Amino acid sequence: MTMNRKDIQEAIQNKLSRYFSVALEDATKEQMYKATVLTVRDILAQKRKYFNAQTKEQGKKKVYYMCMEFLMGCSLRTNLCNLGIEKDYLEVLKEYGFNLNEIYEMESDPGLGNGGLGRLAACFMDSLSTLAYPARGYSILYEYGLFKQKLAEGEQIELPDIWMPGGDAWLVPRQDKSCIVRFGGTITEKWDNGRCEIIHENYEEVEAVPYDMLVSGANSEAITTLRLWKAQDIRNFNMELFSQGQYVKAVEENTVAQTISKVLYPNDNHPEGKLLRLSQQYFLVSASLQNIIHDHISIYKNLNTLPEKVAIHINDTHPALCIPELMRILMDLHNYSWEQAWDMVVKTMSYTNHTVMPEALECWNEGLFRLKLPRLYMIIREINERFCADAWNCFPGNWDKVGRMSIINHGQIRMANLSVIGSHKINGVSALHTDILKSNTFRDFNDMYPERFLNVTNGIAHRRWLCYSNPRLANLLDNTIGDGYRTNAAELVKLLQYQDDAPILDELAKIKRANKADFSNYMKRTAGVMIDPDSIFDVQVKRIHEYKRQLLNAIHIISIYCALKENPNLDIKPRTFIFGGKAAPGYYMAKDIIRLICYISADIQKNPKIKKKLNVLFLENYNVSLAERLIPTADVSEQISLAGKEASGTGNMKFMINGAVTIGTLDGANVEICEEVGNDNIFIFGHTAEEVDELWKKGYASSYYYNRNDSLKKAIDYLQTGFNGRSFADIANYLLFSYGIADPYMCLADFDFYQDAHRDLMEAYGDSTRWNKMSLVNIAKAGKFAADRSIMDYAHDIWHLQRLKSKK
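Definitions and cut-offs
- Along every chain, residues carry numbers that run from 1 in the direction the sequence is written.
- Reporting in this predicted model follows two pLDDT cut-offs: at least 70 for local features of residues, and 80 or more for side-chain atom pairs to be given and counted; totals over whole chains, interfaces and linings ignore these cut-offs and use all residues.
- The basis for every side-chain value is the complete set of non-hydrogen atoms in the structure, without hydrogens or water.
- The secondary structure listing takes helices from DSSP runs of H or I that are at least 4 residues long and strands from runs of E that are at least 2 residues long, numbered from the N terminus.
- As a reference, a globule follows 2.2 Å times the number of residues to the power 0.38, and the radius of gyration itself is taken over C-alpha atoms.
- When a residue's accessible area, from a 1.4 Å probe over protein chains only, is under 20% of the maximum for its type it is buried; when over 50% it is exposed; and in between it is partly exposed.
- In this description, contact between two residues means that some pair of their heavy atoms is separated by no more than 4.5 Å.
- Salt bridges are counted wherever a side-chain nitrogen of Lys or Arg sits within 4 Å of a carboxyl oxygen of Asp or Glu.
- Here a cavity means grid points, on a 1 Å grid over the protein atoms only, where a 1.4 Å probe fits yet cannot get out; a pocket means an open set of points with protein on both sides within 12 Å along at least five of seven lines; lining residues are those with an atom within 4 Å of a point.
- Grid points are joined across faces, edges and corners, and a volume is the space filled by probe spheres set on the points.
- Under the convention adopted here, Pro, Cys and the residues Ala, Val, Leu, Ile, Met, Phe, Trp and Tyr are nonpolar, Asp, Glu, Lys and Arg are charged, and Gly plus all remaining residues are polar.
- Count a disulfide wherever a pair of cysteine sulfur atoms falls within 2.5 Å.
- For a helix, the expected span equals 1.5 Å multiplied by the residue count minus one.
- For the purposes of these results, a polar contact is taken to be a pair of N or O atoms within 3.5 Å, where, inside protein, one atom must be able to donate a hydrogen and its partner to accept one; residues adjacent in sequence count only when each atom of the pair is a side-chain atom.
- Here, patches come from residues exposed beyond 30% relative accessible area and free of salt bridges, joined within 9 Å for like charges and within 5 Å for nonpolar side chains (Val, Leu, Ile, Met, Phe, Trp, Tyr).
- Surface exposure here means Shrake-Rupley accessible area, sampled with a 1.4 Å probe, where a residue is shielded only by the protein chains that are shown.
- Charge convention: Lys and Arg are scored as positive, Asp and Glu as negative, and His as well as the terminal groups of each chain are ignored.
- We put the charge of a Lys on NZ, of an Arg on CZ, of an Asp on CG and of a Glu on CD.
- The convention used is that axes are lines fitted to C-alpha atoms, helices contributing only their stretch in contact, and that angles between N-to-C directions extend from 0 to 180 degrees.
- Each angle is binned into one of four classes, with values under 35 degrees roughly parallel, values over 145 roughly antiparallel, values of 65 to 115 roughly perpendicular, and all other values oblique.
- Crossing handedness is read from the near helix: turned anticlockwise from the far helix by less than a right angle, it gives a left-handed crossing, and turned clockwise, a right-handed one.
- Definition of nonpolar core: a set of buried residues of the types Ala, Val, Leu, Ile, Met, Phe, Trp, Tyr and Cys, connected through side-chain atoms within 4.5 Å.
- Pairing between two strands requires that DSSP report at least two bridges joining them.
- By the criterion used throughout, a crossover qualifies as right-handed when its path from the first strand across the helix to the second strand runs clockwise, the strands pointing away from the viewer.

Undergrad: Looking at this model, I keep getting lost on the overall build of the chain. Mind explaining?
TA: Within the chain, the secondary structure is distributed over 35 helices and 23 strands. Relative to its length of 808 residues, the chain is compact, with a C-alpha radius of gyration of 27 Å against a globular reference of 28 Å. When its C-alpha atoms are laid out on the principal axes, the chain stretches across 90 × 75 × 65 Å. By residue count, 59% of the 808 residues in the chain fall in the buried class. Summarising the internal contacts of the chain: among those between residues at least 6 apart in sequence, 76% fall at separations of at least 24.

In C-alpha cells form, the structure reads like this:
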C-alpha cells in the first residue's frame, strides 16, 4: 500500500471526522497525533494482510517469540521512517499548522517492558519485519508499566506508569481471537480402553483478549505482529449484589481476573506477588499456545506438521511453561501419546538464557505451583521422572549430577532446567556467556546434550539507534559510504577508509558537540538542569544492580571529588557523569546506590568551582525515548559489570554505533566489541571471569585493596562523612565489613584497574585526532552487533526459517 501526500491529507481528515467529529481547522494537537497514528496503523494493517496471505501461500515456517516484556519505545517516528514516508507526513502536517517533532512528543513509551530483555525483544521484532521472516511476538497488555520513577531528595518513588492514553492508538483489538485460560481446580484421571481422559473441575476461568501492535520493517513488505493479551473475567456483572448496595463486592470478582494484566513484574517479595507472577506467566503461555494451535489447524488441518511449520522461542525462563502446556494441549485435547507429544514439543521449542545469576534462574514453590496449575504440575512431574531416568542411564551412580539436573528438587520447580530439557536448542547471548553456560551454569546438561548448546550474540535495531536517533551522523554516513548500511549494517566497515581523513574526523566531533548541545537544552527545558555541552559526557544507563557496579563508578567519582576538594585548581578536563535506570521496588541496596549518586550530585552543586570540572546527574525515569536523546551524546560508555556476571548487554552496542568509546571489563559482549575494534580503541580493565573465580577460591578480602590505595581509602572514608548532610556508612560497611561477604561484586578489587583505565582515557581524549579516530573505528566496527545479524543466526541455526520471497 503506497500513499502520496494527497492520500495522507484525505486519510487524516477522515480520521479527524470519524473519531473526533472535528474539522481540520479545529483539531487539537492530541487529536492530530491520534489521527496521524490511525492513518499509519491502516497502512500497516494493509501490509500485514498482504504479508500473511503470501506467507500462507508459500507455506513458510513461522516463529512465535514468547517474552514477558517488549520494551518497544515510541512507534510513530520509527514506522514513518521504516515506511519511507516521514517527509510526506512532515510536509502535510506543516501545511496543517503542526510540527511533526511536536507530534512525536505526544506519544508515550508503552509500558510493556523494563530493561535489556524487553528492548532486545523489541529490536528483534524490527529485524524480523525488515528481513521478511514470518513471525509473531506474544506478551501481555499491561495496563501499567513497571513504574514511573520519581526522585525526591535521592529517594526513588514508584508511581503508576500510565501509558495507555495515547499509546493505545496503535493497538488493534482482536476479540475474534479471544480464548479461555483456566487456573486451579482439581484433576481426575479416567481410563477408558487404554486411554486416559483428564477431567478438570472447580477451576477459575479468565478470558484472554488479544490486541495487536503492528511492527514495520525498513524497506520491507513484511509486518510482524506483537500480540498482547488482556485478562478479563468471563463472569457476568453481579447485578443482584449491586442492587443490594454491595457495590464493591459486585465488581471485585471481575477485578481479581483483571489484575493479571494490570502491572508488569509485580513485586514478588510476598506470596501474593509470587502467585500473581505465576498466573501472569501461565496466562501468557496458555493463551498464546491456544492461538498458535488454532491458527496451525486452520491452515494445515492437523498438528502432525507442527515442528515443520512452527518454531516457538522461549525468551528467558518466564515463558518456560510453554513446554508442559503444549504437552497438555497435545495429549489432553488432541489425543497424542506421551512419546509423540514429547518429540513434537522438543523439536518445536528453543530457549534463550539471559543470565548466569543464580537468583535470576527462576524457581517456583512446588506447593504453590500444584495449587495454581494442577495439571501442569502432573505433567512436569512426569517429564522430570522420565528425564531423571535417562540422566541416570547417562551418568550411572552420579546422584549429585542427576539431582542438579532435576526439574524438581527440595520443593522447588526449576524453570531453567525445564527449559533446557524441553528445548532442542539453547543459546547464550554472547560468546563469553555461552562458554559460561556450557562450562558452569548448565555444565551437566552440556555433558548430556552438547549438540543443543550454541551462541547467538545479541544485536540492536541499528536503524532506530543510529539512523533515526542520530540523523546528523546518519547523514554523514550517507554522504561518505552510501546508505546501504541502513539495511546491511556490515557496510559500516566502509567508514574505516576515512579514519585518517581530518575533515571527516572533525565533522564527527562537530556532530557529537551538536548532539550534546541539543541534549543540554532539552534537560534545561524539561528538568531545569544545566549541563556543560563542552564537558566529557561519561554515561552509565542501565537497570540498577550490584553486579552492574554503578557503585564502582560512584566510588571513582568520589575519589575525583576528594582530589578537587583538596585542590580546586586541579587541571582536569570538565566531566559530566550521567546515570539512569530503575531499581526494583524491593531491592533496597539498589535504591541506596541511587540515593548515594543523587546526594553526591547535590553536594557538588554547592561547590560552583568544583562543578565546573565535575558534575553528576541522575536522569529520572530513564526510558527508550530518553535513551534516544542521550545515547548519541555520549563520549564514554561505562560497561563495568564484574566479569562473568553480564550475559551480553545491548547498551554497549548502542553507544558504540553512535561513536562512544567503551570503558569496560571483559564481560558479556564487551569481549566481542574488543575483538572487533582492537585494544587501541577501547579501555579494558579489571579481573577476568577466570581471575574472579580464582580470587573467590583464595578468599577475597576487600580490606586488602582498601589499605593499599590511598585514593580508594579516602573515597570509602568519605562515605562515612557523607554528602549533602547524609552519611553513607552503611555502604562503606557493605564494602568492608558485611556480615555476609564484604564487597560481593569486587568493586574494591577492580578499583586500581578502573582508575588507571580512566587516566588512560583522559589522556586519549586530550588528543582530539586520536579520540575522533577511536570514535570512528567504533562506529565502523559496530555492524556485527546489528539485530539483523542476530535474527539471521537464529533463523538459520535454531528456527530453520526462510525469508518470504518477494513478488515485486
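Undergrad: Mind showing me how you'd approach the pattern of salt bridges here?
TA: Pairs can form between side chains of opposite charge once their charged atoms are near each other. This structure, assessed with the given rule, holds 47 salt bridges. In this structure, R136 and D295 form a salt bridge, with 3.0 Å as the shortest nitrogen-oxygen distance. On the criterion of sequence distance, the pair formed by R136 in strand β2 (residues 135-140) and D295 in helix α10 (residues 271-300) is long-range, its members being 159 residues apart. The shortest N-O distance in the salt bridge between D447 and K401 comes to 2.7 Å. Residue D447 is found in helix α19 (residues 443-448), and its partner K401 is found in helix α16 (residues 399-405); the two are separated by 46 residues along the sequence.

Undergrad: What is the right way to look at empty space enclosed by the protein in this model?
TA: Picture a little ball the size of a water molecule; that probe, rolled over the atoms, points out where space is still empty. According to the stated counting rule, one finds three cavities of 30 Å³ or more in the structure shown. For the largest cavity, the calculated volume is near 150 Å³. Around the largest cavity sit 16 residues that line it, and M72, S75, T78, V215 and R464 are the ones nearest its centre. Elements supplying a minimum of two residues to the lining of the largest cavity: α3 (76-83), α6 (116-130) and β9 (204-216). Here the residues of the lining of the largest cavity are counted per class, giving eight nonpolar, five polar and three charged. Of the volumes computed, that of the second largest cavity is approximately 70 Å³. Contributing to the lining of the second largest cavity are K542, K548, Q639, I640, S641, E646, S648, G649, N652, D667 and N670. Classifying every residue of the lining of the second largest cavity gives one nonpolar, six polar and four charged.

Undergrad: Would you mind going over the state of the cysteines with me for this structure?
TA: Working definition: the covalent bond between the sulfur atoms of two cysteines is a disulfide. Applying the stated criterion across every chain yields a total of zero disulfides. Cysteine C81 shares no disulfide, and the gap to the nearest cysteine sulfur, in C467, comes to 8.9 Å. A relative accessible area of 19% means that C81 is categorised as buried.

Undergrad: What is the right way to look at helix α35 (residues 787-799) in this model?
TA: One full turn of an α-helix is made of 3.6 residues, so residues set three or four places apart face in the same direction. Here α35 spans only 16 Å end to end across 13 residues, well under the 18 Å set by a 1.5 Å rise per residue. Among the residues of α35, those classed as buried are A787, D788, R789, S790, I791, Y794, A795, I798 and W799. In the segment just after α35, H800 is the residue with positive phi, at about 55 degrees.

Undergrad: Help me out: how do you make sense of the layout of surface pockets in this one?
TA: Considered as a void within the structure, the second largest pocket measures approximately 790 Å³ in volume. Along its surface, the second largest pocket is lined by 30 residues, and V356, P358, I436, N440 and T441 are the ones closest to its centre. For the lining of the second largest pocket, the secondary-structure elements that each account for two or more residues are α16, α17 (415-421), α18 (431-441), α19 and α29 (689-698).

Undergrad: I tried to follow the environment of D109 on my own but got confused; where do I start?
TA: When you line up the elements, D109 lands in the loop between α5 (100-104) and α6. Taking C-alpha positions, D109 is 7.5 Å from N623, a pair spaced 514 residues apart along the chain. Setting aside residues no more than four positions away along its own chain, D109 makes contact with G73, C74, W163, N623, V624 and S625. In terms of polar contacts, D109 uses its side chain to reach the backbone amide nitrogen of V624, at 3.2 Å. At a separation of 2.4 Å, a polar atom in the side chain of D109 contacts the side chain of S625.

Undergrad: I would appreciate a short explanation of unusual backbone geometry in the present structure.
TA: Note on backbone geometry: most residues besides glycine have negative phi, and most peptide bonds are trans. Within the chain, D743 stands out as a residue other than glycine whose phi angle is a positive 50 degrees. For M746, which is not glycine, the phi torsion reads 55 degrees and is therefore positive. Examined against the element boundaries, M746 turns out to sit in the loop between α32 (729-736) and α33 (747-766). For M746, a relative accessible area of 0% puts it in the buried group.

Undergrad: Help me understand a negative patch on the surface in this model?
TA: On the surface, D435, E690, E691, D693 and E694 cluster together into a patch of negative charge. Here the element with the most residues in the negative patch is α29; it accounts for four residues. Relative to the elements of secondary structure, E690 occurs in helix α29. Given the relative accessible area of 56%, E690 is considered exposed.

Undergrad: Please explain the packing of helix α21 (residues 471-481) against helix α22 (residues 502-527) as it appears in this structure.
TA: Orientation of α21 relative to α22, taken along the N-to-C sense of each, is 160 degrees, at an axis distance of 9 Å. Relative to α22, α21 is oriented roughly antiparallel. Crossing handedness for the pair α21 and α22: right-handed. Along the contact surface, α21 presents R472, L473, L476 and T480, while α22 presents I504, E507, L508, I511, A514, N515 and D518. Among the residues making up the contact of α21 with α22, the classes are represented as six nonpolar, two polar and three charged.

Undergrad: Explanation requested: the nonpolar core in the structure shown.
TA: Taken as a class, soluble globular proteins show a tendency for nonpolar side chains to be buried jointly. Among the nonpolar cores identified, the biggest contains 175 residues, and F283, F369 and W799 are the most heavily contacted of them. In terms of residues, this core owes the most to one element, α10, which gives nine residues. Membership of the second largest hydrophobic core comes to 71 residues, among which are Y547, Y599, I610 and Y765.

Undergrad: Please clarify how the environment of Y700 should be interpreted in this entry.
TA: For Y700, the location among the structural elements is in the loop between α29 and α30 (702-708). Of the residues examined, Y700 reaches a relative accessible area of 12% and is grouped as buried. Separated by 674 residues in sequence, Y700 and D26 have C-alpha atoms that sit 69 Å apart. In terms of polar contacts, Y700 uses its side chain to reach the side chain of D743, at 2.6 Å. Engagement of the side chain of Y700 in a polar contact is seen with the backbone nitrogen of A749, the distance being 3.3 Å.

Undergrad: Got a minute to help me understand the pairing of strand β19 (residues 575-580) in this structure?
TA: Each regular strand shows side chains that alternate between the opposite faces of the sheet. Where burial is concerned, most of β19 is hidden: six out of the six residues are buried. Side chains of β19 alternate between two faces, with R575, F577 and F579 and T576, I578 and G580 buried alike. Across six bridges, the pairing between strand β18 (residues 536-541) and β19 is parallel. From the neighbouring strand, V539 faces β19, where its bridge partner is I578. Remark: the β18/helix α23 (residues 550-566)/β19 crossover connection has right-handed handedness. Sheet topology places β19 next to strand β20 (residues 614-619); six bridges connect them, and they run parallel. Bridge pairing links T576 to N615 in β20.

Undergrad: What exactly am I supposed to notice about the sheet that holds strand β13 (residues 363-365) here?
TA: Within a sheet, adjacent strands bond to each other through the backbone by hydrogen bonds, running parallel or antiparallel. If you walk across this open sheet you meet the three strands as β13-β15-β14, and the pairing is antiparallel. Of all strands in the sheet, those with a lone pairing partner are β13 and β14 (408-409), marking the two edges. In the sheet, β14 pairs with strand β15 (residues 412-414) via two bridges, with the strands oriented antiparallel. Considered in β15, the bridge of I408 is made with I413.

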